[in-house]
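Okay, here's what each chain looks like letter by letter:
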Amino acid sequence: MSVDAIVGAQWGDEGKGRVVDYLAQDCDMVIRYQGGDNAGHTVINEYGKFALHILPSGIFNPRTICLVGAGTVVNFDTMEEELRSVEAAGVATDNLFVDKRAHLIMPFHCMLDGAEEASKKKGWEVGTTKRGIGPVYADKASRVGIRAVDILDPERLRTRLEMLMPRKNRELAYFGIEEITVDQMMELCASWKEKFGSRIIDSVPVLRDAVIGGKNVLFEGQLGIMRDLDWGIYPYTTSSNPTAGGVCSGAGISPRRIDSIYGVVKAYSTSVGGGPFTVELFDDDGERLRSIGGEFGATTGRPRRCGWFDGVAAAYSCWINGFTHIAVTKLDVLDHFDTLKICTGYDVNGEIIDYVPETALQEIATPIYEEWEGWKSDTTAIRSWDDLPEQAKRYLRRIEELTGAPIKFVSVGPERDQIIVID
Ligand code: GDP
Ligand code: IMO
Ligand code: MG
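Residues numbered from 1 in each chain as written. Chains lettered and ligands numbered in written order. Predicted model: local features only at pLDDT ≥ 70, side-chain atom pairs only at ≥ 80, totals over all residues. Heavy atoms only, no water.

What follows is about the site of ligand 2. Close to ligand 2 lie 22 residues; His 41, Val 126, Thr 129, Leu 223 and Thr 238 are nearest. At 2.8 Å from an oxygen atom of ligand 2 is found a main-chain nitrogen or oxygen belonging to Asp 13. Thr 238 places a polar side-chain atom, nitrogen or oxygen, 2.6 Å from an oxygen atom of ligand 2. Isolated, ligand 2 exposes 550 Å² of accessible area, and the fraction of that covered by the protein chains is 98%. Taken together, the residues that form the shell around ligand 2 break down as six nonpolar, 12 polar and four charged. (Near = heavy atom within 4 Å. Polar contact = N/O pair within 3.5 Å; in protein donor to acceptor, adjacent residues only side chain to side chain. Areas by Shrake-Rupley, 256 points an atom, 1.4 Å probe, with all protein chains shown as cover. Nonpolar A, V, L, I, M, F, W, Y, C, P; charged D, E, K, R; others polar.)

Here you go:
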């Protein structure tokens with residue numbers, strides 16, 4: 001009935017997992033379209049609390065087919081750990097499949113990720129999750145990568161590894177890391193084939209039949225636009241396209257088939273990792289956003305950098321992604337503030353701009369703020385727009401106005417039912 005995308009509208013960790021888990025209650029298929037196990041999508045529901053890394057957040061609904069799409073990169077070892085953890089909570093995982101075209105994260109990708117980061121000049125670190133994301137996408141772009149389909153055919157796999165490993169070993173040697181043999185990788189892939197072979201499929205006919213058959217399909221993004229390889233704060237980005245355009249290339253769907261694009265927007269800003277973050281706060285307000293919002297990485301546990309809502313970044317995000325709606329999350333975190341601020345412009349060398357400039361200019365930009373009165377009351381039990389405090393409604397309407405897309409959902413807590421749906 002509906003083919004929708006859920007896309008991170010800021011720097012990641014906006015609450016995409018929570019929104020997908022909510023919508024997946026009535027969904028036939030959820031597809032992760034890019035990224036790998038660098039994701040940390042927190043889901044809290046009747047099964048418990050989970051930080052999902054590569055499993056789509058629809059995994060809790062046994063009627064939902066969960067696809068790890070062609071545009072993703074997969075580490076079968078961490079996928080196995082994740083499957084064990086959700087299965088231990090009583091979740092059936094028979095509906096999980098991986099597209100044949102997905103590239104595989106091998107142990108050397110993770111080693112190279114860590115080594116490359118360590119070799120950067122101070123201040124130039126991306127602050128990656130060290131999950132091998134940059135190196136595996138680099139191999140993909142260089143057309144030397146190993147794909148899920150390759151492990152199904154040992155002869156083909158060996159040939160590809162024989163071409164790849166001398167090159168990878170030269171890179172490892174450069175960083176003083178011990179050589180890895182083709183045989184070691186063959187053995188690893190054989191164990192992956194045994195465990196995951198039956199889950200490796202061609203997702204094209206599956207998705208096509210679902211779309212033509214009028215099913216509810218969700219595309220789940222990883223990270224957010226500000227760390228998109230092309231539209232984010234390069235070089236402090238990830239190596240894929242979290243933006244709505246990435247849905248089409250990553251999941252294999254025409255833009256004409258997508259009905260709605262939901263931008264997930266945190267009611268304030270957070271970022272984890274290196275690079276500019278214009279609205280970053282270094283004061284008590286930043287500390288309070290972090291402690292009240294529990295702003296610590298779901299994958300790495302790192303404290304997230306915090307700031308007020310950035311209307312400039314939100315408008316940029318809405319333009320590039322073409323949001324039809326937004327889902328505003330973590331409104332309840334602001335329940336405790338007397339005054340709130342919203343960034344409406346950047347001052348770059350004395351010039352006031354209302355668009356996101358290139359990275360180097362973001363580094364020197366300072367935010368222009370407007371102030372909003374807080375509501376100082378508990379919103380966590382509110383389930384209808386009308387019951388929200390007037391100040392909260394005004395704050396949300398301002399977010400909507402600056403972003404440029406209507407609010408469809410307001411999340412007021414991390415639990416599945418702590419959500420307000422707006423008609
Ligand atoms: P994702 O990567 O976009 O899925 O987001 P994360 O899971 O990394 O970060 C969002 C965090 O906020 C998680 O700890 C969620 O449990 C939590 N969360 C999501 N929505 C809300 C909300 O409306 N209120 C509060 N207080 N927490 C929320
Ligand atoms: P979700 O899906 C927040 C950040 C890292 C680093 C940069 C590149 O939970 O929103 P990578 O490991 O991809 O090479 O790191 O991107 N990063 C994230 N930040 N949420 C994430 O995922 C992230 N995944 C990567 O901190 O700066
Ligand atoms: Mg996250």
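Think of a sheet as strands paired side by side through backbone hydrogen bonds, with each pair either parallel or antiparallel. Ordered by their spatial adjacency, 10 strands build an open sheet running S9-S7-S5-S2-S10-S1-S11-S15-S19-S20, and the pairing between neighbours is mixed. Looking at which strands have only one partner, the edges of the open sheet turn out to be strand S9 (200-201) and strand S20 (419-421). Relative to strand S10 (residues 217-220), strand S1 (residues 3-8) runs parallel, the two sharing four bridges. By the bridge assignment, Val 3 is partnered in S10 with Val 217. Lying over the sheet, helix H2 (residues 76-88) contacts strand S5 (65-68), strand S7 (96-99) and S9, oriented at roughly 165 degrees with respect to S7. (Pairing = 2+ DSSP bridges. Helix = DSSP H or I, 4+ residues; strand = E, 2+ residues; numbered from the N terminus. Contact = heavy atoms within 4.5 Å. Axes fitted to C-alpha atoms, helices over the stretch in contact; angles between N-to-C directions.)

Attention now moves to the coordination of the magnesium ion (ligand 3). At this site the magnesium ion (ligand 3) is bound by Asp 13 (OD) and Gly 40 (O), with donor distances of 2.0 to 2.1 Å. Remark: Gly 40 occurs in the loop between strand S2 (29-32) and strand S3 (41-45) and Asp 13 occurs in the loop between S1 and helix H1 (16-23); sequence separation between them is 27 residues. On the basis of relative accessible area, Gly 40 is assigned to the buried category, the value being 11%. (Donors = N, O, S within 2.8 Å, 3.2 Å for Na, K, Ca; no water. Buried < 20%, exposed > 50% of the residue type's maximum accessible area, 1.4 Å probe, protein only.)

Among the 17 residues in the neighbourhood of ligand 1, the closest are listed as Lys 16, Thr 42, Lys 330, Asp 332 and Ser 411. Here an oxygen atom of ligand 1 sits 2.6 Å away from a polar atom, N or O, in the side chain of Thr 42. Within the contact set of ligand 1, a nitrogen atom lies 2.7 Å away from a side-chain nitrogen or oxygen of Asp 332. In isolation ligand 1 offers 580 Å² of accessible surface; the protein chains occlude 92% of this area. Contributing elements (two or more residues each) for the shell around ligand 1: H1 and S3. Grouping the amino acids of the shell around ligand 1 by side-chain chemistry returns three nonpolar, seven polar and seven charged. Built from parts of two domains, the shell around ligand 1 gets at least three residues from each of domain 1 (2-98 + 201-261) and domain 3 (265-421). (Domains from an automatic or database assignment.)

This brings us to the packing of helix H5 (residues 154-174) against helix H6 (residues 182-196). At their nearest, the axes of H5 and H6 sit 10 Å apart, and the two run at 140 degrees to each other. One finds that H5 runs oblique with respect to H6. Note that H5 runs across H6; the crossing there is right-handed. For the pair formed by H5 and H6, the contact residues are Pro 154, Leu 157, Arg 158, Leu 161, Glu 162 and Met 165 on the first element and Val 182, Asp 183, Met 185, Met 186, Cys 189 and Lys 193 on the second. Residue classes in the contact of H5 with H6 are distributed as eight nonpolar, no polar and four charged. (Parallel < 35°, antiparallel > 145°, perpendicular 65-115°, else oblique. Left-handed = near helix turned anticlockwise from the far one by under 90°.)

With an omega of 10 degrees, the peptide bond between Tyr 234 and Pro 235 qualifies as cis. When you line up the elements, Pro 235 lands in the loop between S10 and helix H8 (244-251).

Another aspect to go through is the domain arrangement of the protein. Domain parsing of the protein yields domain 1 (2-98 + 201-261), domain 2 (103-196) and domain 3 (265-421). On a C-alpha basis, the centres of domain 1 and domain 3 stand 23 Å from each other. Contact with domain 1, which involves 38 residues of that partner, is made by 43 residues of domain 3. Of all residues in domain 1, Trp 11, Arg 18 and Ile 261 give up the largest surface area on contact with domain 3, accounting jointly for 22% of the area buried on that side. Here domain 1 is connected to domain 3 by three salt bridges. Residue Asp 21 is joined to Arg 416 by a salt bridge in which the shortest nitrogen-to-oxygen separation is 2.9 Å. Across the contact surface, domain 1 and domain 3 share 21 residue pairs in polar contact (both at pLDDT 80 or more). (Buried area = accessible area lost by both parts, 1.4 Å probe. Salt bridge = Lys/Arg side-chain N within 4 Å of Asp/Glu carboxyl O.)

Counted according to the given criterion, the structure contains 27 salt bridges. Measuring nitrogen to oxygen at the nearest pair gives 2.9 Å for the salt bridge that ties Glu 280 to Arg 305. Remark: Arg 305 occurs in strand S13 (residues 305-307) and Glu 280 occurs in the loop between strand S12 (269-271) and helix H9 (284-293); sequence separation between them is 25 residues. Arg 305 carries the same exposure label as Glu 280, and that label is buried. A salt bridge links Lys 393 to Glu 390, with the nearest nitrogen and oxygen atoms 3.1 Å apart. Taken together, the residues Lys 393 and Glu 390, both in helix H12 (residues 390-403) and three residues apart, mark about one turn of the helix. A single network of salt bridges, built from pairs that share partners, joins Asp 13, Lys 266, Glu 295, Arg 304 and Lys 330.

The next point concerns the side chain of Thr 72. As for its position among the elements, Thr 72 is in the loop between S5 and strand S6 (73-74). Apart from the residues lying within four places of it in its own chain, the contact partners of Thr 72 are Arg 32, Tyr 33, Gln 34, Gly 35, Ala 102, His 103 and Tyr 137.

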